[in-house]
Amino acid sequence: MVTTPHDATKAYRKELLKNQIWQVLNFVSKAGFLILLTPLMISKWGAEGYGLFALASSLLVSMAILDGGVRALTRIQMAEAWKKGEEERARRVYREGLLTFVSICLLAIALSGLLAATGHLTSFLHLPEGGAAVLVMTVACTALLMITLLLLEPLAARGNLSAMKAANTWGAVVAIPLCGALVFYGAHVGIVVFSYAASLTIPNLVMAWKTGLFELAPWRGVSQFTPRVFWNTLRSGLWYYLTTLSLIGKTHALTFLVSAMAGPAEAGVFYVLLRLSEIVGNVGATASETSLAALASAPGSEERRENFQQSWLHVALFCTQGALVFIFLIHHLLSLWLQHEESIPHHIGFSLAAFGLAGAFSRVVVNASMGLSLVRPAAIAGLWEAGGSIGGAALGFHFWGLPGLFLGGSLGIFALLPVSNRISELCGWTSSLRWFLSLQPLLPGFAASAVILYAASWSHSAVIWLLSLIPCGVIALLQLKLLHTPAPHKN
């Protein structure tokens, strides 16, 4: 059966929608963890104990710097191999990627143990007693989690990224009652972190078994895996790795910067706000992840433009709606949740929105660059972006606290503009200005949501704040329906 460009576009839009739904559900489950368990953790462990949990959780995310670019490299090369019908090459890429990453993880665990044994972790991060052991355990658990994520990469390479998101979502759902019960009955931070990591890891193994990925049997080629193969894989993934390094450096690594500058308690406050910013910078931008395989397998510029524009519009829709909530209502909503809301700066909304939108734009540029073989210029630009963001965050925190940190951490985004223009050219556009011109159909909805949220922000009633989210959600659904309405077919 021959697949037409129209069928391919329809299938891509369907995957975009499925991926977005699972990402939203994933966010809801993780937000439920944050909302339900944060007050309980603070009351049981105190500010310093929760700060240690925040550091461990950020380490769980920051460990992405270990992948050496192997995950993205594996996805892109498998998609390209299957596009050409090269099944054996796809298997080889998969095997070498997995074995290379396992080797990196073993080295990282050994290094973290050495830093803990020498006392460097405790002194640099001002950790409480036993804190270093918790972080070393987190490194080991996260390494295993990331290996299982790489195990699922063939699904993403086949254009089925939503299946990976589904597995992660079920794990996050299970983690809420499990970790909640452990905290309630007085479990130590380390036990809770271990249980959380296990909840995310086990569903990945189940998904790999159900989809037959174990049949690819990468361990059968262990005898062919040599130091030369290890080095060549890392060298091939270097530029992919640098994009990951930049992403982590300007987000979760800032938790350690705050801890070093102000201690774990302040790092805990920052961690809460950082996770909230991910509503825009991560959840809203999830559609950009589908562009890696879609752009790599697109046969021409017209198909590339169609795929990119569709994912970009999804990103813009969800990110902008989330940013508007941050600007107008975030402090009001936080006051309903945290008992000590006075620790949350009053002017944090705009800074969080800027930080989230900058992160979303960065993800769009980097993911599209990988699919269009622009990873080297994107990686170089990303390093400049990360350097500017980290420097801006440090200066902003010094002069204006957390609002300054988030606002300063957004400034590096301008370094990505040359790469965004190159992406536009490969998609048949003259410049990245066309990205924003394509948002015109969504502008009335954004304006209506802004008016509703602005009006609600003047009320002192929590009911009004919460009710204002309903019409904004309806507007977002109508906008989503607009994006999935097929354009008139041209003969």
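The present account deals with the structure reproduced in this document. (Residues numbered from 1 in each chain as written. Predicted model: local features only at pLDDT ≥ 70, side-chain atom pairs only at ≥ 80, totals over all residues. Heavy atoms only, no water.)

1. Quick look at helix α15 (residues 348-371)
Think of an α-helix as 3.6 residues a turn; residues three or four steps apart then line up on the same face. Put simply, the rule reads: Counting from the N terminus, the helices are the DSSP runs of H or I reaching at least four residues and the strands are the DSSP runs of E reaching at least two. Expected span of a helix: the number of residues minus one, times 1.5 Å.
Here α15 contains 24 residues, and its C-alpha end-to-end distance of 35 Å stays within 8% of the 34 Å for a straight helix at 1.5 Å per residue. Where α15 terminates, the next one or two residues include S373, which has phi positive at roughly 60°.

2. Describing the packing of helix α7 (residues 161-184) against helix α8 (residues 189-210)
The cut-off we apply is this: Inter-axis angles, ranging from 0 to 180 degrees, are taken between N-to-C directions of lines fitted to C-alpha atoms, where helices are fitted over the stretch in contact. When an angle is under 35 degrees it counts as roughly parallel; over 145 it counts as roughly antiparallel; between 65 and 115 it counts as roughly perpendicular; any other value is oblique. Handedness of each helix crossing follows the sense of rotation of the near helix against the far helix: counterclockwise by less than a right angle gives left-handed, clockwise gives right-handed. Contacts are assigned to residue pairs with any non-hydrogen atoms lying within 4.5 Å of each other. Here the term charged refers only to Asp, Glu, Lys and Arg, the term nonpolar to Ala, Val, Leu, Ile, Met, Phe, Trp, Tyr, Cys and Pro, and the term polar to all other amino acids, Gly among them.
Running from N to C, α7 and α8 cross one another at 150°; their axes reach a closest spacing of 8 Å. Of the possible angle classes, the one that applies to α7 and α8 is roughly antiparallel. As for the relative orientation of α7 and α8, their crossing is right-handed in sense. The residues of α8 that touch α7, namely those facing A163, A167, N168, G171, A172, V174, A175, L178, C179, L182 and V183, are I191, V192, S195, Y196, S199, L200, P203, N204 and M207. The residue makeup of the contact of α7 with α8, split by class, is 15 nonpolar, five polar and no charged.

3. Considerations on the environment of W458
Along the polypeptide, W458 turns up in the loop between α19 (443-457) and α20 (462-467). For the pair W458 and L329, spaced 129 residues apart in sequence, the C-alpha to C-alpha distance is 9.6 Å.

4. Quick look at the packing of aromatic side chains
Our working definition: Here the aromatic set is Phe, Tyr and Trp, taking the six-membered ring for Trp, and pairing holds for ring centres within 6.5 Å; pairs whose planes are under 30 degrees apart are stacked, those over 60 apart are edge-to-face, and all others are tilted. Each residue is assigned to one of three classes by its accessible area relative to the maximum for its type, calculated with a 1.4 Å probe on protein chains only: buried under 20%, partly exposed between the two thresholds, exposed over 50%. Note on geometry: a ring has a charge over it if NZ (lysine) or CZ (arginine) is within 6 Å of the ring centre and within 35 degrees of the ring normal.
A complete count under the given rule lists 13 aromatic pairs for this structure. Ring centres of F184 and Y185 lie 5.1 Å apart, and the angle between their planes is 90°; this geometry places the pair in the edge-to-face category. Note on F184: relative accessible area 48%, which makes it partly exposed. Note on Y185: relative accessible area 71%, which makes it exposed. Relative to F230, the ring of F225 has its centre 6.5 Å away and its plane inclined at 85°; by these criteria the two rings are edge-to-face. The structure contains a cluster of three or more aromatic residues connected by ring pairs, namely F308, W312, F361, W429, W435 and F436. For the cation-ring pair, K44 lies above F184, with the distance from its terminal atom to the ring centre recorded as 5.3 Å.

5. Overview of the side chain of S246
Put simply, the test is: Polar contacts, as counted here, are pairs of nitrogen or oxygen atoms within 3.5 Å of one another; within protein the pair requires one atom able to donate a hydrogen and one able to accept it, and residues that are adjacent in sequence qualify only if both atoms are side-chain atoms.
Position of S246 among the secondary structure elements: in helix α10 (residues 238-249). The buried category is assigned to S246, whose relative accessible area is 2%. A distance of 3.2 Å separates the side chain of S246 from the backbone oxygen of G382, its partner in a polar contact. Ignoring anything within four residues of it in the chain, the contact list for S246 reads G382, L383 and A386.

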